[in-house]
Every structure is written in structure tokens, then in C-alpha cells.
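# Commentary on secondary and tertiary structure
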Amino acid sequence: ALASLNISQMTKLALLRFAEFIDAEYGDKGVLTYTVHPGAMHSELSSTAPEQSKQYLIDTPELAAHTLVWLAKERREWLAGRYIDGTWDMEEFLSKKDDVVQGDKLKARVVV
């Protein structure tokens, strides 16, 4: 089960990088990409998680749905290619826009 969780995490990181590449290649054509973590909820995938991890699966599908509606209701170019956590308070998150943009945050980076 631990190996499957590690593969799952690597896949999520790959999808974040993929969203960043799509933004770099097609952002100037109006394509917006986001990588959204929907929260921790019970699902078919989580059924194979270790029992001690299941206590943390407290979020609901509605929480993820609200985040996706928030993203879709208007264009937010400043979020293109970035990671968004569905458990965040989106209004509070909006107040951090300048910090996110100026710091080029919520993207995967290798800094040497």
C-alpha cells in the first residue's frame, strides 16, 4: 500500500508539472490549466490506504465541487499552471494573490 501511495504522489507531481508546461505552451492562446487537490475523502482509491491513514479522510465531494465552481466562474489567469488546494478558503486565498504572483508560488521547482 505504501508503494501505491508513493506512486500516487509522484503522479500528482507529474500532473502539476504537466499543467505548468501546458500554461507555458498554450497560455498565450487563452488556455488555463490548474492542478486541484480536491481534499482528502473516501474513494475507491483511498480504500487501499493503510487503516491509520483513513482517519484523515474528512473532506466531502461537495468541497471539491465548490472549489471547481469558484475556478470556473471567472478567468483567473494569475492562477494558470498553479497548484490549488480545494480545502483552502478561496476568499482568503484571493487576498494572497499578489504574494503568489510576485513570489511565483504554487508551482513545482528544482532550485540548485
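Now for a description of the structure that goes with this document.

## A look at the pattern of salt bridges
Per the stated rule, a full pass over the model turns up nine salt bridges. Note that D104 is salt-bridged to R82, the shortest N-O span being 3.5 Å. With D104 in the segment after α4 (97-102) and R82 in strand β2 (residues 82-85), the pair connects residues that are 22 residues apart, well separated along the chain. Overlapping salt bridges, with partners in common, bring together R82, D104 and K107 in one network.

## Thoughts on the nonpolar core
Within the largest apolar cluster, eight residues are counted, these being W70, L71, W78, L79, I84, M90, F93 and V100. For this core, the secondary-structure elements that each account for two or more residues are α2 (61-72) and α3 (90-94). Residues in contact with L71, not counting those within four places in the same chain, are Y34, V36, R76, L79 and I84.

## Points about the side chain of T35
Secondary-structure assignment places T35 in strand β1 (residues 34-37). On the basis of relative accessibility, which here comes to 14%, the residue T35 falls in the buried class. Excluding its chain neighbours within four sequence positions, the residues that come into contact with T35 are L15, L16, A19, R82, Y83 and I84.

## A look at the packing of aromatic side chains
Scanning all chains against the criterion turns up four aromatic pairs. Centre to centre, the rings of W78 and F93 are 5.6 Å apart; their planes meet at 40 degrees, and the pair counts as tilted. With W78 in the loop between α2 and β2 and F93 in helix α3, this residue pair connects regions lying 15 residues apart in the sequence. When sorted by exposure, W78 lands in the same class as F93, which is buried. Taken together, the aromatic side chains of W70, W78, Y83, W88 and F93 make up a single cluster linked through ring pairs. Across the ring face of W70, the terminal group of R76 is positioned such that the distance to the ring centre comes to 3.8 Å.

## Quick notes on the side chain of R82
Under the relative-accessibility criterion, R82 is labelled buried at 5%. There is a polar contact of 2.6 Å between the side chain of R82 and the backbone oxygen of W78.

## Side note on the environment of I84
In this structure, I84 sits in strand β2. Separated by 49 residues in the primary sequence, I84 and T35 place their C-alpha atoms 6.1 Å from one another. Leaving out residues up to four positions away in the same chain, I84 has contacts with Y34, T35, V36, H37, T67, L71, L79 and M90.

Rules behind the numbers
Residues numbered from 1 in each chain as written. Predicted model: local features only at pLDDT ≥ 70, side-chain atom pairs only at ≥ 80, totals over all residues. Heavy atoms only, no water. Salt bridge = Lys/Arg side-chain N within 4 Å of Asp/Glu carboxyl O. Helix = DSSP H or I, 4+ residues; strand = E, 2+ residues; numbered from the N terminus. Core = buried A, V, L, I, M, F, W, Y, C linked by side-chain atoms within 4.5 Å. Buried < 20%, exposed > 50% of the residue type's maximum accessible area, 1.4 Å probe, protein only. Contact = heavy atoms within 4.5 Å. Phe/Tyr/Trp six-rings, centres within 6.5 Å; stacked < 30°, edge-to-face > 60°. Lys NZ or Arg CZ within 6 Å of the ring centre and 35° of its normal. Polar contact = N/O pair within 3.5 Å; in protein donor to acceptor, adjacent residues only side chain to side chain.

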